[in-house]
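Single-letter residue listing:
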Amino acid sequence: MAGANHNLRQRLADLKTKTSVLEVQEVDRDAMTKKTVQLINAYDDNVTKLTYGPIKMLDKGSLETRDDISENPVDFDSVMQDLNDRLVRAGVIPGHPMFLGFIPSGHGTYPAALGGFLPAAFTTYSVVHLESPAAVQMENRLIKWVADLFGYPAGHAGNISSGGSLATLTALAVARDSRELKAADFHRCVVYCSEFTHYAVQKGLRAVGMREAIMKTPPVDKELKMTAAALERQINDDKKAGLLPFLVVATVGTTLTGSVDPLNDIADVCDRHQLWLHVDAAYGGFFALCDEVKQLFVGVERSDSIVVNPHKGLFLPSGVGVLVVKDGKKLQECCFSEQTSSVFKGMQFFSADHLSPCELSFELTRSFRGAQMWLPLKMFGVGVFRAALEEKLLLARYFYGKLKETGEFELPLEPEVSVVVFRATAPPGVDINNFNQQLLNDLVSDGKIFMTPAELYGQFYLRVCVLCFRTHIEHIELCLALIREKRGHLWGSFQSNAL
Ligand SMILES: *Cc1c(COP(=O)(O)O)cnc(C)c1O
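Analysis parameters
Residues numbered from 1 in each chain as written. Predicted model: local features only at pLDDT ≥ 70, side-chain atom pairs only at ≥ 80, totals over all residues. UniProt positions renumbered as here; feature names shortened; annotations may be inferred. Helix = DSSP H or I, 4+ residues; strand = E, 2+ residues; numbered from the N terminus. Rg over C-alpha atoms; globule rule 2.2 N^0.38 Å. Buried ≥ 20, exposed ≤ 12 C-beta atoms within 10 Å, placed from the backbone. Contact = placed C-beta atoms within 7 Å. Expected span 1.5 Å × (residues − 1). Pairing = 2+ DSSP bridges. Axes fitted to C-alpha atoms, helices over the stretch in contact; angles between N-to-C directions. Parallel < 35°, antiparallel > 145°, perpendicular 65-115°, else oblique. Left-handed = near helix turned anticlockwise from the far one by under 90°. Nonpolar A, V, L, I, M, F, W, Y, C, P; charged D, E, K, R; others polar.

In the nomenclature of an unreviewed UniProt entry, the protein is known as Tryptophan decarboxylase-like of Branchiostoma floridae. Regarding the protein, the relevant UniProt record gives this comment under Cofactor (unreviewed entry): "pyridoxal 5'-phosphate". Within the UniProt record for the protein, the comment given under Sequence similarities (unreviewed entry) is "Belongs to the group II decarboxylase family."

So this is what it looks like as structure tokens:
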């Protein structure tokens, strides 16, 4: 027995020695941090240079056999250098000022990046109040700040999740429960949105068990906005047909065109028919900070729930989305169960004064995402974000005006927030859709700029979304110059082909 114990102790001592590398020593931490900062500085240097485009299609993007995970350690510098080469030099860089495709997101400011790093180093457990009261209170303050921005009264609650899709899924679950819908009726339940609503709504419905629910998209107006009249007509028809209307999703800033649905009119309809109004402001929400577009948000305070993405409008690294529910109890009832609390039995984990994230979301263990939002908001102050977002609004308007002035482009929609859709007119006899598809290919293929298309009215359009904090007037000027230059070449090539 004594011998067995001795062997066990010897084995434990060996294992302790073997695993001691996990506790990285200060001198090594310094070296690692130095190398990391060097790589970040090189990245920042590059993305702020106009000559270094957002698109880098080098071979290094794909992994090789030597990249297999194995028993053997690899030294820090080469792992980091490799990571840098693959992540920074290949693919598309959303943090680049000339990244104007999709919705530019995840382009973190440096303090926001530190807000991701520090809680990882401090192992903050921002799940229950007892374990990390300050972290929980910080997140609740941030949620209150968002709720105040949209005029939600006291009594709201929310959570900071990985992004708009998860936040939307949670909102749908709360709407479902608050209407006390039963699975046997799901096939009769109707969700109203527009054809431009983000597909996160459909994904979310599936995830909350409502795959059979009916999604209706009443026709939009010329500006691609939902209209209260068409919405109400559809609701009345559906009620007559024995269906169960329960939810309307309105969007502030659709992903494709940046259109904003008329919230106040839609809220009237929801009031009359007792429907849950959810606002998807994932992209457009933080423009509420700007006086220029205040009128777009009239009525937002009448919604039941809202989603905004700090990883879009507040320039945070990817992975931060906020949901706020006006009646916070409904969120708590949806997410919390007696069983959850039994995990924490015997200790005062919860606080009567401060709700904990695990009471308000489907997650338990989670990263302290609030730090990524807290650090930059505190350090820069809200005014800087307001200014940066105002700059994006004005850049989109400038871009729109300049393109229009040339007479060479069609611009079907005035920008409401920071998206502009447009297409070039085509030479006589040339298909306009092909011409613009080719124009986009030419623009993207030289790597200086990244843009994505938009299909509208069954036609091919080009689209620019200005949201990266690094995008300024010189980048929009360059973008305009590139578009006009490529269009000129393309036009010329069609003419010489015709000769
Ligand atoms: C980006 C976006 C979403 C989805 O958000 P993720 O953070 O990517 O999950 C939902 N709705 C709108 C309008 C968006 O622009």
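Asks: Before we go on, may I ask you to explain the overall build of the protein in this structure?
Replies: Of the regular secondary structure elements, the protein holds 17 helices and 13 strands. In terms of overall dimensions, the protein is globule-like: its C-alpha atoms have a radius of gyration of 26 Å, near the 23 Å expected for 499 residues. C-alpha atoms of the protein, sized along the principal axes, occupy 95 × 60 × 40 Å. The buried share of the protein, reckoned over its 499 residues, is 41%. When contacts within the protein are restricted to residue pairs at least 6 apart in sequence, long-range pairs at least 24 apart make up 77% of them.

Asks: I tried to follow helix α3 (residues 76-89) on my own but got confused; where do I start?
Replies: Counting along an α-helix, one turn takes 3.6 residues, and residues three or four places apart therefore face a common direction. Relative to the 20 Å expected for 14 residues at 1.5 Å per residue, α3 spans 19 Å between its end C-alpha atoms, a close match to the ideal helical length. Of the residues flanking the end of α3, it is Gly 91, one or two places downstream, whose phi is positive at about 90°.

Asks: Explain the pairing of strand β13 (residues 459-465) here, please?
Replies: Regular strands place side chains that alternate from one sheet face to the opposite one. Across the seven residues of β13, five count as buried, placing the element largely inside the fold. Taken together, the four bridges between strand β11 (residues 419-424) and β13 define a ladder with antiparallel strand orientation. Bridge assignment links Val 420 to a residue of β13, and that residue is Val 464. Bridge count for strand β12 (residues 452-456) against β13 is five bridges, and the pairing is antiparallel.

Asks: How should I be thinking about the UniProt feature "modified residue: N6-(pyridoxal phosphate)lysine" (unreviewed entry) in the protein in this particular structure?
Replies: Summarizing the sequence annotation, UniProt attributes the feature "modified residue: N6-(pyridoxal phosphate)lysine" (unreviewed entry) to Lys 312 in the numbering used throughout. By secondary structure assignment, the location of Lys 312 is in helix α10 (residues 310-313).

Asks: Which parts of the structure should I look at to understand the environment of Val 444?
Replies: Topologically, Val 444 is positioned in helix α16 (residues 432-445). Taking C-alpha positions, Val 444 is 50 Å from Ala 184, a pair spaced 260 residues apart along the chain. Excluding its chain neighbours within four sequence positions, the residues that come into contact with Val 444 are Ile 55, Ile 449, Phe 450 and Met 451.

Asks: Looking at this structure, I do not really get the environment of Leu 331. What am I missing?
Replies: Mapped onto the fold, Leu 331 is located in helix α11 (residues 328-335). A C-alpha to C-alpha distance of 9.1 Å links Leu 331 and Ala 175, two positions 156 residues apart in sequence.

Asks: What is the right way to read the sheet that holds β11 from this model?
Replies: As a general point, the strands of a sheet are linked pairwise by backbone hydrogen bonds and lie either parallel or antiparallel. One open sheet holds the four strands; their spatial order is β10-β11-β13-β12, and the pairing between them is antiparallel. Either end of the sheet is taken by a strand with one partner, and the two such strands are β10 (409-410) and β12. Along the sheet, helix α15 (residues 382-406) contacts β10, β11 and β13; its crossing angle with β11, the most-contacted strand, is approximately 15°. Seen against the sheet, α16 touches β11, β12 and β13 and runs at an angle of roughly 30° to β13.

Asks: I keep staring at the packing of helix α8 (residues 228-240) against helix α9 (residues 263-273) and nothing clicks. Help me out?
Replies: In a pair of packed helices, the angle between the axes and the distance between the axes together describe the arrangement. For the pair α8 and α9, interaxial distance at closest approach is 9 Å and the crossing angle is 20°. Relative to α9, the element α8 is oriented roughly parallel. Considering only the axes of α8 and α9, their crossing is right-handed. Contacts between α8 and α9 involve Ala 228, Leu 231, Glu 232 and Ile 235 from the first element and Asp 265, Ile 266, Asp 268, Val 269 and His 273 from the second. Residues belonging to the contact of α8 with α9 are distributed by class as follows: five nonpolar, one polar and three charged.

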